[in-house]
Amino acid sequence: MGKVSVAEIKELMTATGVGMMDCKKALVEADGDMEKAVTLLREKGLATQAKKSGRVAAEGICTAVVKGNVGCVLEVNIETDFAANNDEFKAFVAAVADTVIETNPADVDALKATKISGGAKTVEETLQDLFIKIRENMVIRRFKRMEGILVPYVHGAGSIGVMVKLDSDIAADNAELLAAGKDCALQVAAMNPAYLNRESVPADALDKEREIMLAQMAEDPKMANKPEQVKHKIIDGKIGKYYSENCLLEQAFVKDDKVSVGKYVESVAKKLGGKIDVVEYVRFERGEGVEKKEENFADEVAAMTK
């Protein structure tokens, strides 16, 4: 097999929309024959995949996996919920999560270049092979790798993935400790807190809330003429409510709204004779922030028949 020029690779990339390395491999395999290289790419499904890569993938799976003291929260997207239920797609997501846990890649690009857990190919090559079978655009969107005492929770069929990290002097495999962590993960999934505690709320976020509250008072005839110190006392009270709505440890516990999540965790720690601190959490919601394209089915069918 001879060498191929940069110009030939560029020409094939332009013709097919396929990435540089795949075009180079195809040209080498085809001994520089452009038509044969295009055919090879089509046979592998890569040319079709490139055309579909612009299609929105907002369905898929969010998962949370723990092995020992290492865990991963991962989101992999695909075009339709039907394809998301494909067993091979589910197996791919599980293998990618294991890869993150085992290899600690720096980012998504590094992950895609890593050999997939339990396989001989890279994550990207495995994804391309899967595309040939499923024929839908797939995107490894994001992941977070964590270490420590970790408690995972996956809601439904992967619509939300949560990981809670605890710091405790209680044995990491204590059932009640892990149950408390699971309750916190359920809280995160259900209530989607913006922050862990009041200390983690950025000062500019609080300043913005205070500005909004002052503006609201200025528009309220009953409040507008009150002394500034009175207004600021009222705002301090409202900021307390802001914390209780937006901070995990200050939210009302979903299983008993008479206590906060923080107080619930303290009660479990006291019962077990140790300390439990919730130090971090991650929450991925499937398709969060991805703009879904609304398709007109009749128009789509008409376009396919042209």
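Residues numbered from 1 in each chain as written. Predicted model: local features only at pLDDT ≥ 70, side-chain atom pairs only at ≥ 80, totals over all residues. Heavy atoms only, no water.

Asks: Pulling in residues and values, what's your account of the pairing of strand β1 (residues 59-67)?
Replies: With nine bridges connecting them, β1 and strand β2 (residues 70-78) associate as antiparallel partners. Within the sheet, the bridge partner assigned to Lys67 lies in β2 and is Val70. As consecutive antiparallel partners, β1 and β2 are separated by two residues, and within that stretch Gly68 has a phi angle of approximately 70°, a positive value. (Pairing = 2+ DSSP bridges. Helix = DSSP H or I, 4+ residues; strand = E, 2+ residues; numbered from the N terminus.)

Asks: Provide a residue-level description of the packing of aromatic side chains, including the pertinent values.
Replies: By the definition in use, this model includes two aromatic pairs. With centroids separated by 4.2 Å and ring planes inclined at 15°, the aromatic side chains of Phe253 and Tyr264 adopt a geometry described as stacked. One end of the pair, Phe253, is in strand β6 (residues 252-253); the other, Tyr264, is in helix α13 (residues 261-272), and eleven residues separate them in sequence. Of the residues examined, Phe253 reaches a relative accessible area of 5% and is grouped as buried. Overall, the relative accessible area of 15% leaves Tyr264 in the buried class. For Arg142, the ring lying beneath its charged end belongs to Phe284, and the centroid distance is 4.2 Å. (Phe/Tyr/Trp six-rings, centres within 6.5 Å; stacked < 30°, edge-to-face > 60°. Buried < 20%, exposed > 50% of the residue type's maximum accessible area, 1.4 Å probe, protein only. Lys NZ or Arg CZ within 6 Å of the ring centre and 35° of its normal.)

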